[in-house]
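Geometric and topological summary
The residues making up each chain are set out below.
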Amino acid sequence: GAGGKALTRDEQDLLGSYFAMLKARLKENHVPPPGVISDRLEARVEFYVSAEGTLSRVRILHSSGNSDFDDSVLEAFRHTQMPPRPDHRGDTHELIFNMRDEDSE
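Values in this document were obtained by computation on a predicted structure and should not be read as measured data.

**Things to note about the nonpolar core**
Residues Leu22, Phe47, Val49, Phe77 and Phe97 are the most contacted members of the largest nonpolar core, which totals 18 residues. If you list the elements that add at least two residues to this core, you get helix H1 (9-29), strand S1 (42-49), helix H2 (67-78) and strand S3 (91-98). For this core, the element with the most residues is H1, which contributes five residues. Once residues lying within four places of it in the same chain are set aside, the contact partners of Phe77 are Leu26, Val45, Phe47, Leu55, Val58 and Leu95.

**Observations concerning the packing of aromatic side chains**
Within the structure shown, the criterion is met by two aromatic pairs. Each ring, one from Tyr18 and one from Phe19, has its centre 5.5 Å from the other, and the planes form 80°; the classification is edge-to-face. Its relative accessible area of 4% is what places Tyr18 among the buried residues. By relative accessible area, which is 16% here, Phe19 ends up buried. Their ring planes at 50° and their centres at 4.9 Å tell us that Phe47 and Phe77 sit as a pair that is tilted. Of this pair, Phe47 sits in strand S1 while Phe77 sits in helix H2, placing them 30 residues apart in sequence. Comparing Phe47 with Phe77, the two get one shared label, buried.

The rules behind these values
- Residues numbered from 1 in each chain as written.
- Predicted model: local features only at pLDDT ≥ 70, side-chain atom pairs only at ≥ 80, totals over all residues.
- Heavy atoms only, no water.
- Core = buried A, V, L, I, M, F, W, Y, C linked by side-chain atoms within 4.5 Å.
- Buried < 20%, exposed > 50% of the residue type's maximum accessible area, 1.4 Å probe, protein only.
- Helix = DSSP H or I, 4+ residues; strand = E, 2+ residues; numbered from the N terminus.
- Contact = heavy atoms within 4.5 Å.
- Phe/Tyr/Trp six-rings, centres within 6.5 Å; stacked < 30°, edge-to-face > 60°.

Laid out in C-alpha cells, this is it:
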C-alpha cells in the first residue's frame, strides 16, 4: 500500500469487530423519546473516534425529521464508551442510526 498504511486482514477483522461493538453499544444506550414509535425514523450521524476510543464531534448530517429522535441519538453517543481502537488511529465515520434492529450502513 501507499506509505505502508494498509491494514492486515487481522487488523481489518479486529476493526470490523470494534465497530460492530460500537453499533451494539449505541443501540443499548439509545432511549427512544416518549411517543416516538415509528420504526422508519433514521438519522445519518457523523462522528470522530479517537485512537483511545473517545467519541466526539458528533453531529447529525441528515435529520430523521423528528428533533426528539435526533436528540435521543446524540444522547446515545454521549453515553457510549469504547475501549482504545485496535488500529491505534483516530478518524471520522458516518452511521445511519434507526429504530429498527436491522443492520444498515
